[in-house]
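# Breakdown of the fold
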Amino acid sequence: MAKLYFKYGAMGSSKTANALICKFNYEERGFKVLLLKPEIDDRDLVGGNIVVRSRIGLSSPCIAIGKYTDLVALFNNERKTCDYRVIVIDECQFLTKEQVEQLKELSTDYTVLCYGLLTDFKTELFEGSKRLVELADSLQEIKSICKCGKKANINVRFVSGKITTDGDSVAIEKGNITYEPMCYACFLEEKKKQEADYCCNLHGVD
Ligand SMILES: [Zn+2]
């Protein structure tokens, strides 16, 4: 049945691998799958083509979509050359509100599966994820594990090794910016430790 699915998780929850396995499973049953990814995420640009690549080694070429891409128009255009029945989107948190509404429209006739983060490093919903929570027919969590073994639900942002809770919600992992999925207890503990270190440095205490 055609539906809009939102499968969300923190970083490190193998969302991309899940998206690619889902695409493979549909294709094995003879369904054509259109794979899309918002182009804000440029980590996987290979020779000008965007590639969806998972940490466990699965990858697939895909169509990059811009902030102003009309997904209904794009899908109808792609269907002129291939009988796509299913749409899979990776990094769907970067979709705009309007694009999620376009996907909802497409999901009346086609199966649309969105994979992405729910919240940013400030624990606030991304624009695309918020609209997906509001419109999706099915919400499913893909779990990721904190270093303590509990479920991680915070995408903690580090800048030069320090936890940060300020800044734009979108900053791709590269250079001095890194992320670690954590549970709330570990996040608080790390933050306190960092503040204590800062205090000691300020007062010259070892
Ligand atoms: Zn933890």
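About the criteria used
Residues numbered from 1 in each chain as written. Predicted model: local features only at pLDDT ≥ 70, side-chain atom pairs only at ≥ 80, totals over all residues. Heavy atoms only, no water. Helix = DSSP H or I, 4+ residues; strand = E, 2+ residues; numbered from the N terminus. Buried < 20%, exposed > 50% of the residue type's maximum accessible area, 1.4 Å probe, protein only. Contact = heavy atoms within 4.5 Å. Areas by Shrake-Rupley, 256 points an atom, 1.4 Å probe, with all protein chains shown as cover. Lys, Arg positive; Asp, Glu negative; His and termini not counted. Charge placed at Lys NZ, Arg CZ, Asp CG, Glu CD. Pairing = 2+ DSSP bridges. Right-handed = clockwise from strand over helix to strand, strands pointing away. Axes fitted to C-alpha atoms, helices over the stretch in contact; angles between N-to-C directions. Parallel < 35°, antiparallel > 145°, perpendicular 65-115°, else oblique. Donors = N, O, S within 2.8 Å, 3.2 Å for Na, K, Ca; no water. Arc of directions from axis to C-beta. Left-handed = near helix turned anticlockwise from the far one by under 90°. Nonpolar A, V, L, I, M, F, W, Y, C, P; charged D, E, K, R; others polar. Core = buried A, V, L, I, M, F, W, Y, C linked by side-chain atoms within 4.5 Å. Polar contact = N/O pair within 3.5 Å; in protein donor to acceptor, adjacent residues only side chain to side chain.

Broken down by element type, the protein chain carries 5 helices and 13 strands. Once the C-alpha set of the protein chain is aligned to its principal axes, its extents read approximately 70 × 35 × 30 Å. The buried share of the protein chain, taken over its 206 residues, is 46%. Sequence-distant contacts, at least 24 apart, represent 75% of the contacts inside the protein chain between residues at least 6 apart. Of the accessible surface of the protein chain, which amounts to about 11200 Å², a share of 50% is contributed by carbon and sulfur atoms. Across the protein chain, the centroid of the 29 positively charged side chains sits 4 Å from that of the 30 negatively charged ones.

The element strand β6 (residues 84–89) is largely enclosed, with a buried count of 5 among its 6 residues. Sheet analysis places strand β2 (residues 32–38) next to β6, joined by 5 bridges and oriented parallel. Bridge pairing links Leu 34 to Ile 87 in β6. Of the strand pairs in this sheet, β6 and strand β7 (residues 111–116) are connected by 4 bridges, and their pairing is parallel. Bridge pairing links Val 86 to Thr 111 in β7. Traced from β6 through helix α3 (residues 97–106) to β7, the parallel crossover comes out right-handed.

Let's shift gears to the packing of helix α2 (residues 71–78) against α3. Contact pair α2 / α3: the axes reach a minimum separation of 8 Å and the direction vectors enclose 45°. Of the possible angle classes, the one that applies to α2 and α3 is oblique. Seen from α2, the contacting residues are Leu 71, Val 72 and Phe 75; seen from α3, they are Gln 99, Gln 102, Leu 103, Glu 105 and Leu 106.

Turning to the coordination of the zinc ion, a few remarks are in order. For the zinc ion, the full set of protein donor atoms is Cys 146 (SG), Cys 148 (SG), Cys 183 (SG) and Cys 186 (SG), and the range of their distances to it is 2.3 Å. Along the chain, the residues donating to the zinc ion are arranged with the sequence spacing C-x1-C-x34-C-x2-C. The pair Cys 183 / Cys 186 is uniform in exposure class, with both members buried.

Our focus in this paragraph is unusual backbone geometry. Across residues other than glycine, the phi torsion is negative in most instances, and most of the peptide bonds are trans. A positive phi angle, near 55°, is found at Glu 91, a position not held by glycine. Looking at where Glu 91 falls in the secondary structure, it is placed in the loop between β6 and α3. When its relative accessible area of 11% is taken as the criterion, Glu 91 is described as buried.

The subject of this paragraph is α3. Listed in full, the buried residues belonging to α3 are Gln 99, Val 100, Gln 102, Leu 103 and Leu 106. Buried residues of α3 fall within an arc of 155° about the axis and therefore sit on the same side. Of the surrounding elements, those touching the buried residues of α3 are β1 (4–8), α2, β6, β7 and α4 (127–135).

Once that is clear, we can look at the packing of α3 against α4. Two elements in contact, α3 and α4, have axes separated by 8 Å at closest approach and are oriented at 35°. Helix-helix and strand crossings are classified by hand; for α3 and α4 the assignment is right-handed. Note on element contacts: α4 touches α3 through Glu 127, Gly 128, Arg 131, Leu 132 and Leu 135, opposite Lys 97, Glu 98, Val 100, Glu 101 and Lys 104. Taken together, the residues of the contact of α3 with α4 break down into 3 nonpolar, 1 polar and 6 charged.

Before going further, it helps to spend a moment on the nonpolar core. In this structure, Leu 4, Leu 36, Ile 89, Leu 95, Leu 103 and Cys 114 are the most contacted members of the largest nonpolar core, which totals 25 residues. Every element with two or more residues in this core is listed here: β1, β2, α2, β6, α3, β7 and α4. The element best represented in this core is α2, accounting for 4 residues. In this structure Ile 89 touches Leu 36, Pro 38, Leu 95, Leu 103, Leu 113, Cys 114 and Tyr 115, once residues within four positions along its chain are discounted.

Attention shifts here to the side chain of Gln 93. On the secondary structure map, Gln 93 appears in the loop between β6 and α3. Residue classification places Gln 93 among the buried positions, given a relative accessible area of 2%. In terms of polar contacts, Gln 93 uses its side chain to reach the backbone amide nitrogen of Leu 117, at 3.0 Å. Residues within four places of Gln 93 in sequence aside, it is in contact with Gly 116, Leu 117, Phe 126, Glu 127, Gly 128 and Ser 129.

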